Each structure stands twice: as structure tokens, then as C-alpha cells.
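What follows is each chain in one-letter form.
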Amino acid sequence: MVNTQYAIRNTQYEKSKGQVIFEYVLLVICLCVIALRTTFTESPTAQSTTLPANLSDSVYSLSVSAVLIFAFVFWLVWGLCSKRFLYHPTGIEIGLCLFCVAAVTAGLAAANKRAAITDAAMLVAPPLMAVLLVQILDSQSKVKLLVALIAALGVLSAYQCADQFFFANRMMIEQYEQAPLTFLEPLGIEPGTFQQFLFEHRLYSRGVRSFFTTRNSAGSFTLMAVFAAAALFIDKLKNRKSDSSPPSHLFACGIAAAVVLFGLALTRSKGAIIGLFSAATIFIAYLRFGSWLKAHRRAIFIVCLLLAIAAGCLVIRYGLTHGQLPGGGSMLVRWQYWHAAAKMYADHFVTGVGPGNFAHFYTHYKPAEALETVADPHNFPLSILTQYGPLGLVGFLAMIFLPLWRVWRVISPNLVSSSPKTHQPQPPFRARPVIFLLILWLALLLARLIVMPAAAADGLAVIIYMIVRFYVPPVVVFIIGFWLLTKPLHTIRNTQYTIRNTNIVAALFCVVLGVTLHNLIDFAIFEPGVLTTFWAIIACLIALDSHQKSRTQVVLKPAPFAKMITVAGAGILVWAYFNYAFIPVAKSTAGIRRAHRAISAGQFQQAHNLLNTAAKDDSLNPAALSLNGRVYLHHFEITGSRNRDLLAGAEVSLLRAISRDSADFKNYEKLSAVYNLLAEPQKAYEWGLKAVKRYPGSGRLRIELAKIAEQLGKTDVAIKHYEEAIDIENKYRDQFKIMYPERQEIVSRLGEEKYQNAKQRIKHLSKEPIQ
């Protein structure tokens, strides 16, 4: 039996010098990860993982997530292996445990287990970082440093938004008009298709997305940065007399906050602006009625919960009655996402479809008239519910709202922290902000050079221009923003510094609610940079709450056997992450990248060998096998001899890909084409039916199935599929007119030639005897 002693104390526990240094290192690591994730586009859930443009996303995301997970694990091992282990309860723990259990359960039930592992690692890492930050943010100076970092990154984001709004978008349009294929080919878009129309629509809309994938994600991050800057401004405003700082310092901080707010306006994200006004309204209500709100917090919580349930019921009723929601085209498509997601969950109500598997299952339920295929339902509770099941949703909501409930209990506009004479002593923050700034500067510049390397083949002059134009300015802007927000710097390194006004806690509290509200109609919270910042804000809230209320601390004295178990468990976790999450993906991605180069050089046999090796390297990922099947088909089509062995290779590869992901319709579609080329129309029809079952709203699949039915002599079946293809296209065209009323010409999704040919085939076959 493990003899682990513990005690719950309210007194300050003095840490050893080694532990203090170790925690400084961990703090720098967390700050660097936040800075990197918010300045480099990261999209591990991209729908196509075999395109050259998306190949590195999963590897990069897993690498950064590993840094956060291992930082927490190493801190835990360090603490448990020391004489005494100090732990601050955060309120996140219960929800995190439930979410991890749900992730494992849902992952085992997922069709694509590789996507499940990657998505789960990406979602679990930021909450673990938050738990770690609460432990190491043991002084309010450190909290202010983290808040200043987020606000400074908001200044940098605003700079990037302005650059895109005034220069970059215009230059990109000019380059696209000169050479469209250079943009379309890396994305796998064929000219003249509906996908090209969507690409051009986004391009000419001149959307401002900063360093993120969408403008809504940029808006969600900037919203948090706005309130972080506002919190610093409020702190300077309230303490301007006691700090004896000149008005210029307050003015500098105000300028930085205004720049961040300007960046939010440039994104033109309706959801983020709604979140801004909602958070501001809650904050104003707190300032006016804070004491009353605190006194009646239970009643207010119950009323808000009932109102949320009532609002949800009204939304569902209106949507089911009218087939859409008020609010224009954006709410029309969101209702389609939500309705399809509800059907998806109804078929997988215990575990959901599995982490990261929404995109593979969405086509099963996608309405025929819906224009786009999405990877998320644009509603964070529905996204968690459909992919992690009800247990995952309960865990995720508990991670957010249990800490908020605890913080809410101490927020009061009349509450001011004790004076330094009576305030609980805090560990001195000896590291100067300039050192932290220098480390972040170097890390930011080095990271951008690594993940976005300049092309060496273009010459030294081009490399120098790229560095000066794209690498150095963001770092310089970040430093300027940080300096404006923290001027004078001694307020951070001052060991007696305290955040003496709970308005700052309230501001951060309100922005968490604002971002949560925004993501009821969007998926920005699942973008890694936004999610990591979101949990950093929550960590600041919990840490400030602990400082102001002197929360109880758990002090453990682990027995030797417990230390051995801890080290062994940590070793197993690290081994499992590398062997099941990171190494297979890294090796497979490298093989696929080399295969792409071989394909471009026309070396198909080498490409097949590389893809087969990549499939062995990652036994859970269907991407290499799926790509290999398509390469076999392409190789067959361009080979004059029409080698049937290539079709046999395609068949084997696609069948193996389906065994690793039974939900994706694309492999079934390609396999049907293979059997059609092998002159086996019955098999082609059967696999075509399986593809249609997984994408019933595809007119293209219906057309191909009708052609195969004609070969089999099934005239009535062929007519039915042709009619369904035409009906799908007509529904799509009706919605196209609603979504783009200003366009005179409709861009056909099926293709005008196929659309008219289907009508002609129906007329022709209707004259023949029905079989």
C-alpha cells in the first residue's frame, strides 16, 4: 500500500530554488507556444490531408501539442519526486478527466482512428497547459506578463489584419488573375468547377484572417486580446496615483488597446462583434450591479440556464418549421449544419462519430441543396457532442464553467485586494521582462524561419527580401506592442506588484463568456491558436482568484513507491504519445511528401513504393493508401497499354483504405470506377451504391451510378438516379440564388453539360421498355 501523506493548507509554501528556476523555464515554454500558435496558421483538421499544402499540418500540431503535454508531465514528475509537492486545485480536473475518458471511448469507436488521436491530442493539450499555468503563475506579476503577451499578440494580429486589408489581399488578387493555376493546383481545385467559384468568392471578398484560417477565428482571438489590453488599461487607470507613473504610460497602453480593437473591426467577423458587445454588456452590468449579481448568483445562473434552454427550443422549432433561421444566408447554412449534425448524433448517440471524424460523416447527412461540405457544425457544444458523445460534452463544459463559477463567487466591484502590508506574500518574480521579451523575440523569429522557410533556390537577394518583409516586421511589431502595454517595465518585475482591482478579473471573466457565446455559431474556438489563448485566459482567472482569496493548497509527501509509479506512468505516457500519435504521422507524412515529388517527376513505381511504405509506417491512417489508389488510376489512364495490373493495385489500395476509414465516400467512389474499368459493372454498381449511401446529396455520384445501371440494362434504376441527380442540382440552384442574389449566372455544381445530358438521357430511356 502506498503511504502518501497529504495536507490541505492555506499558508504559503516556499518553493526551492531549483523548482523556481524549473517553473520559470516552463513559463517561458508556455509563453513561446502561445506566441507561436497565434502567429502561424495551424489547421490539423484540414479535410484533405494528402494535398501538398496540408501535409505538415498534423505533424506541426502534434509537435506543439506534445510540448504542452510533456511540459505538464515533467512538472508533475518533478513535483511528485520532490520532498513536498504543492498543488493548487483549479476546478478543471473533473471535467478534464471526463473528457479524456470520452476521448478514449469515442476514439475506439471512430471510423478514422488516426484523425481521432490527432484531434484528441490537440484538444487535451491546452487544458493541461492551463492546469500547469495555474501552478506556476504564483505571483500576480507573472499573470500580468501573460496578459500583456496576449494583448501584444493582439497588436501583432492587428498589424497583420491591416497588411492584408490594405496590401496583401490586393496583391494576391493580382497574382491570381495573372496565373490562376498556381493557386488552384496546390489546393486540388479544377478550373471551371464550383470549388473554383468558392475559392474566387473568398478571394474577392478580401477577407481579413490575420494568422488564422478564417476571419471568424481571427475575430475570436482578437476579442480576447481586446479585453486583455483593456484589463491592463484598467489596471493602469486605477493605480495611476499609487504607481506615480506619468499620463504618457496610460496613454501608450490606451493606444495599444485601440490598435487591437481596430484589428477586430478589420476582421468584420459578425460573431466576434456580437461576442464583443455581449462581453461588454456583461462587464457594464457587473460595474453597475456587481454586488447584487454576486448576492443572487445562484438564481441568476438558474434563470440564465432556463433562458438558454428556452432559446434553444425556440431556435429548433423555428428551424424545423421554416427550414432556416433568421439572419440571412449565414444563418441558413448554419441551420443546415446543425440539422445534419443532430441527425448524425441521433445515429451515434453514445460515443459520437469519433474525434476529428465529423467531416467524414457530414456527407452522410448533408442536405442536397447545401453548397459546402464542412468539417465542423459551427457550434462548439454540437461539435463536441457529435464527436465525443454526451460524456465528452459534459466534460468540456465542466472544464470551462466550474472554474468560472468559482471565480464568480469572488468578483465584486467593491472588493479590493488587501494592501501589501497584510497581503499574502508572493514569490518574487526576479526575471526581468526584458529577458522574457528577448527569449520570445528569438523564439518567434526562429520559429517563423523554421515553419515558413524562404526558398533558397530564389537566391540570396530574394531570401533577404523575404526575411525583411515577412519575418522581421511581425517580431518588431510584437515588441512595440509589448512595450506600449507594459510601460514602465518595472511594474512587472516589482516584487510587491499586485493587481489591486477585481475589474481586471471581471474583464477576463466576461471575455471568456463572450468567446463562448461567439462559438455557439462558429468553430473558431477549435483553431489551436484560439483554443490555447482561451485556456491561457482561464488560467489567469483561476490564478488571480487563488491570489485574492488565498485558496487552499494541497501539499503531498509522496512515498518512494508512489514516486516510482509516477515516473513509470510518465514514461509510458511519453512512449505512447511518440509511438501512437507522433512518430507514425511524421514518418507517413514524410513518405507522402516524397511520393508527391516522385509523381511530379513521372516516377510512378517509386511513388507506389513510397506510399506503400508510408501506409506501413502509419497503420491507422488511410491517407497514403487512398492516395496510392488514385495514383494507380491516374497511372492507368495515362498508360497506352492499359495495364490491368495497375487497376488491381488500385483495388487493393482502396480496399485497405476503406478498412481504415469506412465513412469517407471518396474511396468507395474510386473503387467503383476501378471495377468499371475492369469491366465488372455489377461490382461497380454495388460500390457506387455504397458511395451514394455515404453521400446521398451528390449529383455527380448519382450520374455515375445511372451510367453503370444503363450498362447493366436496368433502365428504371438508371432513370431514377438521373432524376435524383437533376433534383439535387435543382435544389442546389435554388439555394445558390438565395445565397448569391447579385449573380446573374448560376455556377453549376454538377456541370452544365452533365446536367443537360442527364435530362436527355431521361427522355431517351423513357422511350425504351422499362426493365
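For clarity, every value in this text was computed on a predicted model and none was experimentally measured. (Residues numbered from 1 in each chain as written. Predicted model: local features only at pLDDT ≥ 70, side-chain atom pairs only at ≥ 80, totals over all residues. Heavy atoms only, no water.)

S.K.: Where do I start with the overall build of the protein in this structure?
M.R.: Check the secondary structure of the protein and you find 29 helices and three strands. Taking all 771 residues of the protein together, 53% fall into the buried category. Looking at the protein alone, contacts between residues at least 24 apart form 78% of all its contacts between residues at least 6 apart. Roughly 33,900 Å² of accessible area belongs to the protein as shown, and the carbon and sulfur atoms make up 64% of that amount. (Helix = DSSP H or I, 4+ residues; strand = E, 2+ residues; numbered from the N terminus. Buried < 20%, exposed > 50% of the residue type's maximum accessible area, 1.4 Å probe, protein only. Contact = heavy atoms within 4.5 Å. Areas by Shrake-Rupley, 256 points an atom, 1.4 Å probe, with all protein chains shown as cover.)

S.K.: Help me out: how do you make sense of the nonpolar core in this one?
M.R.: A general tendency of soluble globular proteins is for nonpolar side chains to be buried together. Within the largest apolar cluster, 150 residues are counted, with the highest numbers of intra-cluster contacts made by Leu133, Leu146, Phe534 and Trp535. Dropping the residues within four chain positions of it, Leu133 is found in contact with Leu27, Cys30, Leu146, Ala536 and Ala539. (Core = buried A, V, L, I, M, F, W, Y, C linked by side-chain atoms within 4.5 Å.)

S.K.: Honestly, the packing of aromatic side chains in this entry has me stumped. Any pointers?
M.R.: Given two aromatic rings, one states the distance between the centres and the angle between the planes to describe the pair. Within the structure shown, the criterion is met by 31 aromatic pairs. Seen from their ring centres, Phe72 and Trp75 are 6.0 Å apart, and the 35° between their planes marks the pair as tilted. Of this pair, Phe72 and Trp75 both sit in helix α2 (residues 57-80), three residues apart, which is roughly one turn of that helix. Accessibility assignment for this pair places Phe72 and Trp75 in one class, buried. Centre to centre, the rings of Phe194 and Tyr732 are 5.3 Å apart; their planes meet at 85°, and the pair counts as edge-to-face. One end of the pair, Phe194, is in helix α7 (residues 194-204); the other, Tyr732, is in helix α28 (residues 715-739), with 538 residues separating them in the sequence. Like Tyr732, Phe194 is buried. Of note, Lys714 hangs over the ring of Tyr685, and the distance from its end group to the ring centre comes to 4.9 Å. (Phe/Tyr/Trp six-rings, centres within 6.5 Å; stacked < 30°, edge-to-face > 60°. Lys NZ or Arg CZ within 6 Å of the ring centre and 35° of its normal.)

S.K.: Just checking my understanding: could you explain the environment of Ile599 for this structure?
M.R.: Here Ile599 lies in helix α21 (residues 560-600). Once the C-alpha coordinates of Ile599 and His635 are considered, the two residues, 36 residues apart in sequence, prove to be 9.6 Å apart. Sequence-distant contacts of Ile599, that is, excluding residues within four places in its chain, are made with Phe604, Ala607 and Val631.

S.K.: Just checking my understanding: could you explain the packing of helix α12 (residues 297-322) against helix α13 (residues 329-347) for this structure?
M.R.: Helices that pack against each other are described as a pair by the angle of their axes relative to one another and the distance between those axes. Look at α12 against α13: their axes get within 11 Å of each other, and the N-to-C directions meet at 100°. The angle between α12 and α13 falls in the class roughly perpendicular. Between α12 and α13, the contacting residues are Val315, Ile316, Gly319 and Leu320 on the first element and Trp335, Trp338 and His339 on the second. Per-class residue counts for the contact of α12 with α13 are five nonpolar, two polar and no charged. (Axes fitted to C-alpha atoms, helices over the stretch in contact; angles between N-to-C directions. Parallel < 35°, antiparallel > 145°, perpendicular 65-115°, else oblique. Nonpolar A, V, L, I, M, F, W, Y, C, P; charged D, E, K, R; others polar.)

S.K.: Help me understand the side chain of Ser748, please; the structure alone is not making it clear to me.
M.R.: Note on placement: Ser748 falls in the loop between α28 and α29 (752-767). Within the structure, Ser748 has its side chain in polar contact with the side chain of Glu729 (distance 2.8 Å). For Ser748, the side chain forms a polar contact with the side chain of Arg733, separated by 3.4 Å. Ignoring anything within four residues of it in the chain, the contact list for Ser748 reads Phe194, Glu729, Tyr732 and Arg733. (Polar contact = N/O pair within 3.5 Å; in protein donor to acceptor, adjacent residues only side chain to side chain.)

S.K.: How do you make sense of the pattern of salt bridges when you look at a structure like this?
M.R.: Summed over the entire model, instances satisfying the criterion amount to 17 salt bridges. Here Arg202 makes a salt bridge to Glu372, at a shortest N to O gap of 2.4 Å. Separated by 170 residues along the polypeptide, Arg202 in helix α7 and Glu372 in the loop between α14 (358-365) and α15 (380-408) bring together distant segments of the chain. Three or more residues are tied together by salt bridges with common partners; here these are Glu729, Arg733 and Glu752. (Salt bridge = Lys/Arg side-chain N within 4 Å of Asp/Glu carboxyl O.)

S.K.: Sorry, what's going on with the layout of surface pockets here?
M.R.: A probe matching the size of a water molecule, rolled over the atoms, marks out where space remains unfilled. In this structure, the second largest pocket occupies an estimated 2,000 Å³ of space. Around the second largest pocket, the lining comprises 50 residues; the ones closest to its centre are Cys304, Ala308, Phe401, Leu517 and Leu520. Secondary structure elements with two or more residues in the lining of the second largest pocket: α11 (270-295), α12, α13, α15 and α19 (503-518). At 13 residues, the largest contribution of residues to the lining of the second largest pocket is made by α12. Its residues assigned to classes, the lining of the second largest pocket comprises 43 nonpolar, six polar and one charged. (1 Å grid on protein atoms, 1.4 Å probe; cavity = no way out; pocket = protein on both sides within 12 Å on 5 of 7 lines; lining within 4 Å. Points joined across faces, edges and corners; volume = space filled by probe spheres on them.)

S.K.: Looking at this structure, how should I read unusual backbone geometry?
M.R.: Apart from glycine, the bulk of residues carry a negative phi angle, and the bulk of peptide bonds sit in the trans form. One non-glycine residue, Ser210, lies in positive phi territory at about 55°. As for its position among the elements, Ser210 is in the loop between α7 and α8 (215-238). The backbone of Arg268 sits at a positive phi, close to 55°, despite the residue not being glycine. Residue position: Arg268 is located in the loop between α10 (247-267) and α11.

S.K.: Whenever I open this one, α14 confuses me. Can you help?
M.R.: Residues separated by three or four positions in an α-helix point in the same direction, a consequence of the helix having 3.6 residues per turn. Most of α14 sits out of view: eight of its eight residues are buried. Those residues of α14 that fall on the buried side of the exposure criterion are Phe358, Ala359, His360, Phe361, Tyr362, Thr363, His364 and Tyr365. Looking at the buried side of α14, the elements it contacts are α13, α15, α25 (665-677) and α26 (681-694).

S.K.: Is there a simple way to think about α7 in this case?
M.R.: Of the residues making up α7, those classed as buried are Phe194, Gln196, Phe197, Leu198, Phe199 and Leu203. Contacts made by the buried residues of α7 are with α5 (140-178), α6 (181-184) and α28. At the C-terminal side of α7, Arg206 shows a positive phi close to 55°.

S.K.: Would you take a moment to explain the side chain of Asp138 for this structure?
M.R.: Relative to the helices and strands, Asp138 resides in the loop between α4 (113-136) and α5. A polar contact is formed between the side chain of Asp138 and the side chain of Lys142, at a distance of 3.0 Å.

S.K.: Is there a simple way to explain the confidence of the model for the protein in this structure?
M.R.: The predicted coordinates should not be examined in detail at positions where pLDDT is low. In the predicted model, the protein carries a mean pLDDT of 85, and 85% of its residues have values of at least 70. Mean pLDDT in the protein bottoms out at strand β1 (residues 5-9), which sits at 48, and peaks at helix α3 (residues 93-109), which reaches 96. Low pLDDT, under 50, characterises residues 1-11; the predicted model gives this stretch 30 contacts beyond four residues in sequence or across chains. When the criterion is pLDDT under 50, residues 414-431 qualifies, and its contacts beyond four places in sequence or with other chains add up to 39 contacts. (pLDDT = per-residue confidence, 0-100.)

S.K.: Help me understand the pairing of strand β3 (residues 553-557), please; the structure alone is not making it clear to me.
M.R.: In the case of a regular strand, side chains alternate between the two sheet surfaces. Summarising burial for β3: four of the five residues are buried, a large majority. Bridge analysis of strand β2 (residues 85-87) against β3 gives three bridges, and the strand direction is antiparallel. By the bridge assignment, Tyr87 is partnered in β3 with Val554. (Pairing = 2+ DSSP bridges.)

S.K.: Please clarify how a nonpolar patch on the surface should be interpreted in this entry.
M.R.: Taken together, the side chains of Phe165, Phe166, Phe167, Met171 and Phe262 present a nonpolar region at the surface, about 480 Å² in accessible area. Per-element tally for the nonpolar patch: the top contributor is α5, with four residues. Summarising the element assignment, Phe165 is placed in helix α5. Given a relative accessible area of 35%, Phe165 falls into the partly exposed group. (Patch = residues over 30% accessible without salt bridge, like charges linked within 9 Å, V, L, I, M, F, W, Y side chains within 5 Å.)

S.K.: Would you explain the environment of Asp727 in this entry?
M.R.: Position of Asp727 relative to the elements: it lies in helix α28. Taking C-alpha positions, Asp727 is 9.3 Å from Glu369, a pair spaced 358 residues apart along the chain.

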